[in-house]
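# A structural walkthrough
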Amino acid sequence: MTDLLIKSADIVGKGRQDVLVRDGRVVETGSVTAKDAEVVDADGLILLPGLVDLHTHLREPGREDAETVRSGTRAAAKGGYTAVCAMANSYPVADTAGVVEQVAALGKAAGYADVQPIGAVSVGLEGKQLAEIGAMAHSAAKVRMFSDDGHCVADPIMMRRALEYVKTFGGLIAQHAEEPRLTEGAQMNEGAVSAELGLPGWPAVAEEAIIARDVLLAEYTGARVHFCHVSTARSVDIIREAKARGAKVTAEVCPHHLLLTDEAARTYDPVYKVNPPLRRESDVAVLRGALAEGVIDAVATDHAPHAPQDKDCEWAAARPGMLGLETALSITVLALGGPEGVDWDTVAERTSRTPARIAGLEAHGRDPQPGTEANFTLVDPTATWTVVPADLASLSRNTPYAGMVLPVTVQATFLRGRATVLNGKIAEETTE
Amino acid sequence: MKHLLTTKELTRDEAELILDVTEQMAEAVTGREVPKLPALRGRTVVNLFFEDSTRTRTSFETAAKRLSADVVNFAAKTSSVNKGESLRDTALTLQAMGADAVVIRHPAAGAPQRLTEWIDGAVLNAGDGTHAHPTQALLDAFTMKKRLGSVEGRTVAIVGDILHSRVARSNVWLLSKLGANVRLVGPPTLLPKDIGDWPVEVGYDLDASLKGVDAVMMLRVQRERMHAAFFPTANEYARLYGLDERRLRLLPDHAIVMHPGPMNRGMEIAATVADSPRATITEQVTNGVWVRMAVLYLLLTNGETR
């Protein structure tokens, strides 16, 4: 493999440097000259450590009509990601060593991003019997994060045991916080808009009640809990207080909860149906502030591809979820102050370093230093782009941002020094 | 007006036009030997009902036939995505058959609005989930106008399960637009959250809310709601929120009692109250046909051949 020389990149907005990569690792930074290296001119571009997504639905195995590991990781690369954590709600559910190993192997074969499977907490996500968490942890997929995402681990004794059990290998539980009795039949955020539209409401308190309970359980057991897709202002308060007390709590927010509100439901277009639902403008403002401040640790996409028939229907019949991988960076930049005001180091922290740390992906989320793996993305901070669903790399088209003009473009993504995206185009050959 | 989906989107002028045309329809047909007008001859009106509602379907069918339209009844199974045809495919089928207007009743809020994206004809919402039922509100307003002389300045109490009621929602927007004062009355469990911006007063005490009203509209309450803890028992509900003879006497003498039907006698309304001369329940049914004639006529002709 020829050496790679990234010339004159602005490293997380802190100044220009060249980065020389050999055999997938950084060998030199600063002002570098190299013979026979493939040169990528990064003049005017920001270099970020490759993005890490804590929350991706790749749909394989089971719903390959909506997304595959290959198509989903191509979308990830296009969005600047070098690693994604694949959620467990596939068919079959990722609740055995066999399934998580299959997903990891598919990721490796595709070669567009590292795929770290998340294991189910309970068998079949049913919340009745603990899945073979130890077997998944000790499998080739080395699962550390467990989640019944799509479903809440609602039973408090199941949650307590799961938190205790994963302590043996330093694991964590990623909780989809939704008290199920408070959200039976729920279709959208409960509030003024749901009252008018006659759609059954998903009250904020259903999320907050579980977060409050699980903060207490985490403190009681001394275990780690991570909160998926935090969507309300009051959840932020509870997490802030828990962190101040020293609880081992982390939290993610989704791009759509940083930009869109429940007003979008007025269209009755299910492209805006998502779980947890789009909330109020005031929640959006608090979530943005919490992300900037670090009370919310990471941006996670909850990338949820759906086949056309699952969205091209009436609201109540539609499946919840929206695409996220290819738009997440742009929306994060918007939410953190826009392309001119944004602090790139904070962007790197929330989209790469911290999520890598939470997921235990040691080779990711690292700024270029001699010896580190060359997992980077190059971003054009001045460019804009228009979201055209048909142009997305995902197999599905359910983006809520169709037609929107978004800031910043991903010019290149490198996975261990190999370009998965170059000049804004996905590389077709990816074998290492 | 291309479609009629909600009363919220109607302007006051449009609402008043519909009520004026309703009056004309009633006058044109009443007392005739053949109660039929030729206005919609050659037009096809499809009744697309995903919920059983013989009352509403028959009312629309009668209205369309009195305007000489061809009526097709398309009874569809509830569209759970996995069973039966999708709403979109049904819409494309109707589009291919050349429906001029589709009257849709659907258990999912917003289904009529989705339908407008897939077909060219007029869409008339005959009730979608707990969202809207605009022709019911229009016939209620027409009934008030006939019985009370006007809607403007009148006070209406809407009582019962507001949370699950498309009739209540449609009446809130329409009656307030027409200048009425609207009171919503029910237990907090059956009132939607966050309705502070609605043009209504909200009360939990029925006796107090009946003072000075010109009309009281009782909503149907499903007994099964008690299993989801909306209220303890049917008896307690009837005691606190049912309209019985004692409460009827609290109303001013001229006040009317309305109900969209079907009624639970003994639950939200006592049998004697339902049968009293103050009750307008059967008039509402008659007026429903005139209102639906007016709406079909306006949507399909843009009022041009009037």
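The name an unreviewed UniProt entry assigns to chain B is Aspartate carbamoyltransferase, from the organism Glycomyces sambucus. Taken verbatim from the UniProt record of chain B, the Sequence similarities (unreviewed entry) comment is "Belongs to the aspartate/ornithine carbamoyltransferase superfamily. ATCase family."

In the annotation of an unreviewed UniProt entry, chain A is listed under the name Dihydroorotase and assigned to Glycomyces sambucus. Recorded under Sequence similarities (unreviewed entry), the UniProt text for chain A is reproduced unchanged: "Belongs to the metallo-dependent hydrolases superfamily. DHOase family. Class I DHOase subfamily." Checking UniProt for chain A, the heading Catalytic activity (unreviewed entry) contains the comment "(S)-dihydroorotate + H2O = N-carbamoyl-L-aspartate + H(+)".

Time to look at the overall build of chain A. Per the secondary structure count, chain A includes 11 helices and 19 strands. In terms of overall size, chain A behaves like a compact globule, its C-alpha atoms giving a radius of gyration of 20 Å where 432 residues would be expected to give roughly 22 Å. Along the three orthogonal principal directions, the C-alpha set of chain A runs to about 65 × 45 × 45 Å. For chain A, buried positions account for 61% of its 432 residues. Partitioning the contacts of chain A with sequence separation of at least 6, the portion at a separation of at least 24 is 74%.

Adjacent strands of a sheet pair through backbone hydrogen bonds, lying either parallel or antiparallel. All names here are of chain A. Reading across from one edge, β6-β7-β8 is the order of the 3 strands in this open sheet, with parallel pairing throughout. On the outer flanks of this sheet lie β6 (51–56) and β8 (114–117), each paired with one strand and no other. Within this sheet the neighbouring strands show an average axis-to-axis angle of 20°, counted without direction. With 4 bridges joining them, strand β7 (residues 81–86) and β8 adopt parallel strand pairing.

Residues and elements named next belong to chain A. Along the chain, Ala363 turns up in the loop between α11 (344–359) and β16 (376–386). Since 17 C-beta atoms lie within 10 Å of it, Ala363 is described here as partly exposed. In sequence terms Ala363 and Ala374 are 11 residues apart; their C-alpha atoms lie 8.7 Å from each other. Sequence-distant contacts of Ala363, that is, excluding residues within four places in its chain, are made with Glu373 and Asn375.

Time to look at unusual backbone geometry. Cis geometry marks the peptide bond from A:Glu60 to A:Pro61, where omega comes out at 5°. Phi at A:Asn423 takes a positive value of approximately 50°, unusual for a residue other than glycine.

Rules and cut-offs
- Residues numbered from 1 in each chain as written.
- Chains lettered and ligands numbered in written order.
- Predicted model: local features only at pLDDT ≥ 70, side-chain atom pairs only at ≥ 80, totals over all residues.
- UniProt positions renumbered as here; feature names shortened; annotations may be inferred.
- Helix = DSSP H or I, 4+ residues; strand = E, 2+ residues; numbered from the N terminus.
- Rg over C-alpha atoms; globule rule 2.2 N^0.38 Å.
- Buried ≥ 20, exposed ≤ 12 C-beta atoms within 10 Å, placed from the backbone.
- Contact = placed C-beta atoms within 7 Å.
- Pairing = 2+ DSSP bridges.
- Axes fitted to C-alpha atoms, helices over the stretch in contact; angles between N-to-C directions.

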